[in-house]
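What follows is each chain in one-letter form.
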Amino acid sequence: MTDQGPVAERPLLEVAGLETHFPIRKGLLRRQAGTVRAVDGVSFSIPRGQTLGLVGESGCGKTTVGRSLLRLVEPTGGSVRFAETLVRDQPSRGLRALRRRMQIVFQDPYGSLNPRMKVRAILDEGLVIHGMGDRAARHERMVAALERTGLAAAALDRYPHEFSGGQRQRIAIARAVVLEPEFLVLDEPVSALDVSIQAQVINLLTELKTELGLTYLFISHDLSVVEYLADAVAVMYLGQIVEAAAAEQLYRQPLHPYTMALFSAVPSVEKSRRRQRIVLSGDVPSPSRPPAGCRFHPRCPLAETACREVDPPQVDLAGHRVHCHVAERELTRHGGDAAAASAAVQAAVNAATTDLSRPSSDV
Amino acid sequence: MATFLLRRFLLGLITLAVITLIVYGLARSMPGNPLTVQLGESDPSRKLNPADQQRMLEIYGLDKPWPVGYLQWLSRVAQGDLGRSITRKQPVTQLIGERVGPTVLISGTALVLTWLLAIPLGLYASARGGHADERVIGIALYVLYSFPAFVAALFLQVIFAVWLQGTRWELPLFGMTDLPSDASWPARSLDIARHAILPVICQTYVSLAYSSRFIKANLEEVVRQDFIRTARAKGAGPWRVLIRHAFRNTLIPLVTLLGLSLPALVGGSVIIEQIFTWPGMGRLFFESIRERDYPTIMGLTFMFSLLTLAGQLLADVLYSLVDPRVSVD
């Protein structure tokens, strides 16, 4: 994320301590009975023209992060700076202007397009709202956006239900890029598509990024897709980022046991890349009652006493950020050598999960 | 489209035949007949002798078992003849023609009022979902919904016809007009309008409560969907999202509800018309049952069934207009 020249341009998007908590209301008087900490102190930044991959299990809050950036859900804390604008401080008028520049593509192309509107109306509405040209100019923008995404202009006069899933996702992408945004949140944009279609849409997204100079936040649970697309990757667990690094660095030398568990779940055809399968026990705890200490400790094969009580420290090793007691110790032991520390943690995890005489997580 | 309509038409004919058969059977199986009801109310000293009674039953075709009577009725209907009322000595169609106007005046006004109020109320409630004002409205509507119209009618009568008697807010207690039929038409219209106010209120408020909650529930269902988020991401404001994206997607259930209210439009409310002695269809139905006036009962049943079926057909055809994904073929 920060491996750029010394006179680095300020990142296009900077997120610091982002929190999105939802109240749980109960009873007749709808009193607040608790809080779901969907996003609980997330920080990252994305330089212009780059892609940050945000990965994690379902329910970890990655989708909420994406929506909070655009204030499709209201964050309850932290700050989001986009270009020169503080997103959370914007009144509704400023927010509207911002929404042209920050767009989103949702996971499900069957749900995200209004079934009652023709493609023309779907694409045109944003252009009208943001006053982007007269009728003829808007038509040209729409045709251009459709052609960019690989659809014919004839699509304009048809309804979403007349298209296949892949085509619908192309429409959803065209709808976003027609507004000429600078930043795009891609919320699992290929997860709902057939595998054969996924590659096409991913290629389309890569092309668009270079052609239009876009910056992406790519949210996914599919690590192979993220590896292909992302410049940097952040791993989320239960509302927090547990590890973040440049993509190559993270994939080569992961430091967090959770990241390792995620990687071990990725099927690979290359023998050299096969890892020992780390099966985590138990389910993700409820974000309304997150565990004390390290949030991952109830499922972590390396959990120690400190992990159960003390919040893990953040270690930042030249842009490779990790929140883990064990990783911190290994890094210190190996004098900040990430490769050695990664190998040591990996070995410990492997040992802890193959040793069948001892349960992997005795909480 | 043509095959769809033909199929629905044939299905409708069968449905009509089954409904009318059941109603005819039930009506004829009720104790008493038009003669005994009339005789019971007349002077006991002028009793009809059994021979005359038998003769009259034969005249009306009531001497044969009811399945035969039903077939006779059915064959006449097939020729476009709904028969004559036994007790009122008038063709049934003429009788309905006289009564349908007053009923449509009340229920039509109530229907239009209901939807004019329910749609903005439902939109508002859904836009303000969870806020204090919305919850007050919600509770008020539930109270109204569970408050029977006939009780409300009595309260309104007491307030407007008794307590406010002599003030400018006084409203007539019952009836459709106090003026003779030769009064000038503006005076007559005004008088009828004043008589209609209370029955219209009684018929509006229950369906208003129901419809606006129905709209709100449907909107809340739609608002959770992804395309609403898409609309917001485009920069659409809250009202634009609510009306152009959410409301348009709730039109299907609304059209169903509207289609189903078509028969009520002409059928009127038996209770309200009875309380306000409003000369409409509901009262006619009630009276014809009390008088065992089989031709009128059957004429009204036939008409209501026809309208119910037509309303459903209309709703199905309208679906394809409001939703591009629905095709009636």
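Note that the structure is predicted; figures quoted are calculated from it, not measured.

Basis of the calculations
- Residues numbered from 1 in each chain as written.
- Chains lettered and ligands numbered in written order.
- Predicted model: local features only at pLDDT ≥ 70, side-chain atom pairs only at ≥ 80, totals over all residues.
- Helix = DSSP H or I, 4+ residues; strand = E, 2+ residues; numbered from the N terminus.
- Rg over C-alpha atoms; globule rule 2.2 N^0.38 Å.
- Buried ≥ 20, exposed ≤ 12 C-beta atoms within 10 Å, placed from the backbone.
- Contact = placed C-beta atoms within 7 Å.
- Domains from an automatic or database assignment.
- Nonpolar A, V, L, I, M, F, W, Y, C, P; charged D, E, K, R; others polar.
- Pairing = 2+ DSSP bridges.
- pLDDT = per-residue confidence, 0-100.
- Core = buried A, V, L, I, M, F, W, Y, C linked by C-beta atoms within 7 Å.

1. So, the overall build of chain A
Phase 1: Each helix and strand in chain A was counted, giving 12 helices and 12 strands.
Phase 2: Taking 2.2 N^0.38 as the reference for a compact globule, 363 residues should give roughly 21 Å; the C-alpha atoms of chain A span a radius of gyration of 22 Å, in line with that estimate.
Phase 3: The buried share of chain A, taken over its 363 residues, is 44%.
Phase 4: Intrachain contacts of chain A at a sequence separation of at least 6 include 64% that bridge at least 24 residues.

2. Points about the domain arrangement of chain A
Residues and elements named next belong to chain A.
Phase 1: You can read the domains of chain A as domain 1 (13-110 + 177-235) and domain 2 (253-354).
Phase 2: Using C-alpha coordinates to define each centre, domain 1 is positioned 25 Å away from domain 2.
Phase 3: Secondary-structure elements contributing two or more residues to the side of domain 1 that touches domain 2 are strand 2 (31-46) and helix 7 (223-229).
Phase 4: The leading source of residues in the side of domain 1 that touches domain 2 is strand 2, at 5 residues.
Phase 5: Its residues placed into classes, the side of domain 1 that touches domain 2 shows 7 nonpolar, 5 polar and 2 charged.

3. Looking at the environment of Trp73(B)
Residue and element names in this part refer to chain B.
Phase 1: Topologically, Trp73 is positioned in helix 4 (residues 66-78).
Phase 2: Between the C-alpha atoms of Trp73 and Arg55, which are 18 residues apart in sequence, the distance is 20 Å.
Phase 3: Apart from residues lying up to four places away in sequence, Trp73 is in contact with Tyr24, Gly83 and Met298.

4. A closer look at the pairing of strand 10 (residues 240-246) of chain A
Residue and element names in this part refer to chain A.
Phase 1: Extensive coverage of strand 10 is indicated by the burial of 6 of its 7 residues.
Phase 2: Between strand 9 (residues 232-237) and strand 10, which pair antiparallel one after the other, the connecting turn spans 2 residues, and Leu238 there sits at a positive phi close to 50°.
Phase 3: The pairing of strand 10 with strand 12 (residues 320-323) spans 2 bridges and is classified as antiparallel. Looking at strand 12, one finds that Glu243 is bridged to Val322.

5. Regarding the confidence of the model for chain B
Residue and element names in this part refer to chain B.
Phase 1: Considering every residue of chain B, the mean pLDDT works out to 86; 96% of them sit at 70 or more.
Phase 2: Looking over chain B, one finds the lowest element-wise mean pLDDT in helix 2 (residues 34-41), namely 70, and the highest in helix 9 (residues 226-234), namely 92.
Phase 3: Here the predicted complex carries an ipTM of 0.83, next to a pTM of 0.80.

6. Digging into the nonpolar core
The tendency in soluble globular proteins is for nonpolar side chains to be buried as a group.
All names here are of chain A.
Phase 1: Of all hydrophobic cores here, the largest spans 127 residues; its most connected members are Phe218, Val233 and Val235.
Phase 2: When residues are assigned to domains, this core turns out to be shared by domain 1 (13-110 + 177-235) and domain 2 (253-354), each giving three or more.
Phase 3: The contacts of Phe218, once residues within four sequence positions are left out, are Thr51, Leu52, Gly53, Leu54, Leu186, Val226, Leu229 and Ala230.

7. Observations regarding the interface of chain B and chain A
Phase 1: On the side of chain A, 21 residues touch chain B, which itself brings 16 residues to the contact.
Phase 2: When residues in the side of chain B that touches chain A are grouped by element, the largest group, 7 residues, is from helix 9 of chain B.
Phase 3: In terms of residue class, the side of chain B that touches chain A is made up of 4 nonpolar, 5 polar and 7 charged.

8. A closer look at the environment of Met236(A)
Residues and elements named next belong to chain A.
Phase 1: One can find Met236 in strand 9.
Phase 2: By C-beta crowding, Met236 is classed as buried, having 24 other C-beta atoms within 10 Å.
Phase 3: Once the C-alpha coordinates of Met236 and Arg299 are considered, the two residues, 63 residues apart in sequence, prove to be 15 Å apart.
Phase 4: Those residues within four positions of Met236 in sequence are excluded, and the remaining contacts are Leu54, Val55, Gly56, Cys60, Gly61, Lys62 and Ile241.

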